[in-house]
Amino acid sequence: MIQVFTFYLFATLVIVSGVMTIASRNPVHSVLWLILAFFNAAGLFVLIGAEFLAFLLVIVYVGAVAVLFLFVVMMLDIDFSELRAGISQYWFPSVMLALALLAELGAALLAHNAGGIDIAGRTAPTPAETSNIAALGQLLYSRYLFIFEAAGLVLLVAMIGAIVLTHRARKDTRPQKISDQVRRRPQDAVVNTQPPVGQGVEL
Amino acid sequence: MTAFFQSWLGFGWGWFVANLILILLIALPLMLAVAMIIYADRKIWAAMALRRGPNVVGPFGLLQSFADGLKVFLKETIVPSSANRALFLIAPVITFTVALIAWAVIPFGPGMVLADINVGLLYLLAVSSLGVYGIIIAGWASNSKYPFYSALRAAAQMVSYEVSIGFVLIPVVLWAGTFSLSGIVGAQQGHIFGLVNGFGFNPLLFPLAVIFLISAMAETARAPFDLTEAESELVAGYQTEYSSMSFALFWLGEYGNVLLMCGMNAVLFWGGWLPPLDIPILYDFLFNASITGMFWFFAKILFFFFVFSWVKATVPRFRYDQLMRLGWKIFLPISLIWVFLVSGYLMLQKQGMLPW
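The model shown is predicted, which means the values in this text are computed figures rather than measured ones. (Residues numbered from 1 in each chain as written. Chains lettered and ligands numbered in written order. Predicted model: local features only at pLDDT ≥ 70, side-chain atom pairs only at ≥ 80, totals over all residues. Heavy atoms only, no water.)

### What to know about the overall build of chain B
Per the secondary structure count, chain B includes twelve helices and zero strands. Each helix and strand of chain B, ordered N terminal to C terminal, gives the series α-α-α-α-α-α-α-α-α-α-α-α. Based on the C-alpha atoms only, the size of chain B along its principal axes is roughly 70 × 55 × 45 Å. For chain B, the proportion of its 356 residues judged to be buried stands at 52%. Within chain B, contacts between residues separated by at least 24 positions form 73% of all contacts whose residues are at least 6 apart in sequence. Summed over all atoms, the accessible surface of chain B reaches about 16200 Å², with 73% contributed by carbon and sulfur. Across chain B, the 17 positively charged side chains and the 15 negatively charged ones have centroids separated by 6 Å. (Helix = DSSP H or I, 4+ residues; strand = E, 2+ residues; numbered from the N terminus. Buried < 20%, exposed > 50% of the residue type's maximum accessible area, 1.4 Å probe, protein only. Contact = heavy atoms within 4.5 Å. Areas by Shrake-Rupley, 256 points an atom, 1.4 Å probe, with all protein chains shown as cover. Lys, Arg positive; Asp, Glu negative; His and termini not counted. Charge placed at Lys NZ, Arg CZ, Asp CG, Glu CD.)

### Comments concerning the interface of chain A and chain B
Each side of the interface is counted separately: chain A has 23 residues, and chain B has 27 residues. Summed over the shared surface of chain A and chain B, the result is two residue pairs in polar contact (both at pLDDT 80 or more). Looking at the side of chain A that touches chain B, the elements that each hand over two or more residues are α2 (27–47) and α3 (51–75) of chain A. With 13 residues, the top contributor of residues to the side of chain A that touches chain B is α3 of chain A. Residues belonging to the side of chain A that touches chain B are distributed by class as follows: 17 nonpolar, five polar and one charged. (Polar contact = N/O pair within 3.5 Å; in protein donor to acceptor, adjacent residues only side chain to side chain. Nonpolar A, V, L, I, M, F, W, Y, C, P; charged D, E, K, R; others polar.)

### Quick notes on the domain arrangement of chain A
Taken domain by domain, chain A consists of domain 1 (1–79) and domain 2 (130–167). With centres defined by C-alpha atoms, the gap from domain 1 of chain A to domain 2 of chain A works out at 24 Å. (Domains from an automatic or database assignment.)

### Here's the deal with a nonpolar patch on the surface
Together, Trp91, Phe92, Val95, Met96, Leu99, Leu102 and Leu105 of chain A make up a nonpolar patch on the protein surface, roughly 760 Å² of accessible area in all. Along the chain, Leu102 of chain A falls in helix α5 (residues 91–114). (Patch = residues over 30% accessible without salt bridge, like charges linked within 9 Å, V, L, I, M, F, W, Y side chains within 5 Å. Salt bridge = Lys/Arg side-chain N within 4 Å of Asp/Glu carboxyl O.)

### Some points on the nonpolar core
Trp103, Leu122, Tyr133, Leu181, Leu268 and Phe269 of chain B are the most contacted members of the largest nonpolar core, which has 113 residues in total. Beyond its immediate chain neighbours, meaning those up to four positions away, Tyr133 of chain B contacts Ile35, Val62, Ala66, Val67 and Leu70 of chain A together with Ala138 of chain B. (Core = buried A, V, L, I, M, F, W, Y, C linked by side-chain atoms within 4.5 Å.)

### Examining the side chain of Glu254 of chain B
Residues and elements named next belong to chain B. Take Glu254: it is sitting in helix α10 (residues 244–269). Although buried, Glu254 forms no salt bridge, and the nearest oppositely charged side chain, Arg222, lies 5.7 Å from it. A polar contact of 3.2 Å, which involves the side chain of Glu254, links it to the side chain of Tyr238. When near neighbours in sequence (up to four residues on either side) are disregarded, Glu254 contacts Thr220, Glu229, Tyr238 and Gln239.

### Considerations on the layout of surface pockets
Of the volumes computed, that of the second largest pocket is approximately 1700 Å³. Considering the residues around the second largest pocket, the lining is formed by 40 residues, among which Thr6, Phe10 and Val46 of chain A together with Trp15 and Tyr123 of chain B are closest to the centre. Mapped onto the lining of the second largest pocket, the elements with two or more residues apiece are α1 (2–23), α2 and α3 of chain A together with α2 (11–48), α4 (85–101) and α5 (120–141) of chain B. Split into classes, the residues belonging to the lining of the second largest pocket amount to 32 nonpolar, seven polar and one charged. (1 Å grid on protein atoms, 1.4 Å probe; cavity = no way out; pocket = protein on both sides within 12 Å on 5 of 7 lines; lining within 4 Å. Points joined across faces, edges and corners; volume = space filled by probe spheres on them.)

### Looking at empty space enclosed by the protein
Residue and element names in this part refer to chain B. This model, assessed by the stated rule, comprises one cavity of 30 Å³ or more. When its volume is computed, the largest cavity comes out at roughly 230 Å³. What lines the largest cavity is a set of 18 residues, and nearest its centre among them are Gly131, Met158, Glu219, Thr220 and Asn257. In the lining of the largest cavity, the residues fall into eleven nonpolar, five polar and two charged.

### Observations regarding the packing of aromatic side chains
Residues and elements named next belong to chain B. Taken as a whole and assessed by the stated rule, the structure comprises 24 aromatic pairs over all chains. Considering the side-chain rings of Phe303 and Phe304, the 5.4 Å spacing of their centres and the 70 degrees angle between planes classify their relative orientation as edge-to-face. Since its relative accessible area comes to 51%, Phe303 is described here as exposed. Three or more aromatic residues link up through ring pairs in this structure, and these residues are Phe88, Tyr238, Tyr242 and Phe250. The positively charged end of Lys312 is found above the aromatic ring belonging to Trp45, 4.5 Å away from the centroid. (Phe/Tyr/Trp six-rings, centres within 6.5 Å; stacked < 30°, edge-to-face > 60°. Lys NZ or Arg CZ within 6 Å of the ring centre and 35° of its normal.)

### Considerations on the domain arrangement of chain B
Interface size is commonly expressed as the accessible surface area that is lost when the partners come together. Residues and elements named next belong to chain B. For chain B, the assigned domains read domain 1 (1–63) and domain 2 (75–350). The centre of domain 1, based on its C-alpha atoms, is set 18 Å off from the matching centre of domain 2. Contacts between the two partners involve 14 residues from domain 1, matched on the other side by 19 residues from domain 2. Buried surface at the junction of domain 1 and domain 2, both sides included, amounts to about 1600 Å², of which 86% is carbon and sulfur. Joining domain 1 to domain 2, the criterion identifies two salt bridges. (Buried area = accessible area lost by both parts, 1.4 Å probe.)

### Focus on the environment of Ser232 of chain B
Within the fold, Ser232 of chain B resides in helix α9 (residues 231–234). Residues Ser232 of chain B and Ser343 of chain B lie 111 residues apart in sequence; the distance between their C-alpha atoms is 44 Å.

### Things to note about the pattern of salt bridges
Residue and element names in this part refer to chain B. Applying the stated rule across the entire model yields seven salt bridges over all chains. Residues Asp41 and Lys312 are paired through a salt bridge, measuring 3.6 Å at the closest nitrogen-oxygen approach. Of this pair, Asp41 sits in helix α2 while Lys312 sits in helix α11 (residues 289–314), placing them 271 residues apart in sequence. Here Asp41 falls in the buried class, since its relative accessible area comes to 1%. Among the ionic pairs, Asp68 bridges to Arg42, the shortest N-O distance being 3.1 Å. Taken together, the residues span a long stretch of sequence, with Asp68 in helix α3 (residues 64–74) and Arg42 in helix α2 at a distance of 26 residues. Looking at Arg42, the relative accessible area reads 35%, which means it is partly exposed. What emerges from the salt-bridge pattern is a single network uniting Asp41, Arg222 and Lys312.

### With respect to unusual backbone geometry
All names here are of chain B. Positive phi values are uncommon outside glycine, yet Phe60 reaches one of about 55 degrees. Along the chain, Phe60 turns up in the loop between α2 and α3. Phi at Ser244 is positive, roughly 50 degrees, even though this residue is not glycine. Counting through the fold element by element, Ser244 comes out in helix α10. Accessibility expressed as a relative area gives 4% for Ser244, which makes it buried.

Quick look at the structure:
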């Protein structure tokens, strides 16, 4: 009873916030609806017993990616009505795309009605006594080790590439050298002098 | 307690009522604690500045926070006419809620935890990463320059320090072998020579405890990292346009988060509800084991809160580039190296390749 209720609650919220992401006029509102969609998707993950993935979704997507996304969108000054003005010329590809998605949905429904998939048994097929994290870790570091490491390498290369592309050594700045500042002693900075009357300090 | 209510009301409703009562048992004392901790903060800060601090309302000024609360409660909530109304009002609610829900997984004593989930630490990370939304939304929805600057600063600051906090937590998790907070506390029992409780006393983990304490200050935007509300630059930061209860919710949420971070310091590195030394008498010298556990946990929280106040009173505010430098160029490499060190040590230990 309560599982069904929570499932429909999360599922409805995901769909509603997904629709609102597209429908809202303000881009910042769109991003916030998107974040709500992520969050509710995490709720669905918890419901099927994948709590590690759920929290990873919240930490990575909601906590980091969406924050940066929001950060950028908040600072943009976009006139969305102008962007939308030319959208009607894309009507043919978009209708085709929508029809393809509709056909896929229909196929999925037909296949589901044919029965025998037993999705509930497959969603999180971890043994009852192993925790989610342990099961995932064992798979990642044995069967999928090379793919896992390769994915890490790809991300590393992408990160270094982004830094290399955007970084430029500027000559006109005078950055603070904190180690120099910490190393500086009072006797380097202060000179005690006793100038005679009528004379200034000579340095 | 759940079993008691379930025998009365059936399985579902009994669980619901029992959990509702437990939630209130955590949330209401927490609000009271926040009120008293604000008073303590002001008193400590005043003492270090050779002032008296609040001393008028009630004995020793103890009721000062409640007087302030009553004052903001009775004031009118003003929504700026150009603000984004719905988001403007929802932002303090987010901050406050997020500060409260994190306490669900904190173990207060032996077995005294509302939700003993096996990914408790990830839950805390997820919740603390949600905390930034209250500030960003507040800053943007105010439709005003200073709150917006503050929101941008808060976003960058919290994301940066979450990275180093994440890396600091990995060695702790590796050593404890679990993500469950009760498990982490349990793993610290007799950690050093079977006598001293707490990962923080381990020389390999102590530097991480220090990094975590500093990162916790940055994560909660406490002084010296309170650049989100730097009054000399940004008026009052993201709170500038807020008044009455919406302001108070920010205030409560902020101190709730500070208490939570003190609690996390205690749980992760200093043994949580365990006494400092693994001596049987220290486990139940007050009435019973649960109350003694709570005593030790609260004592540790209060100690760390004193450290927070102490730092706030004595350390000048960082500049923004210094803050970023500390997070990305110092904490991140150190914690990354430490992940490597600790996992290497644990691997050698597991293979029996250590010389001792």
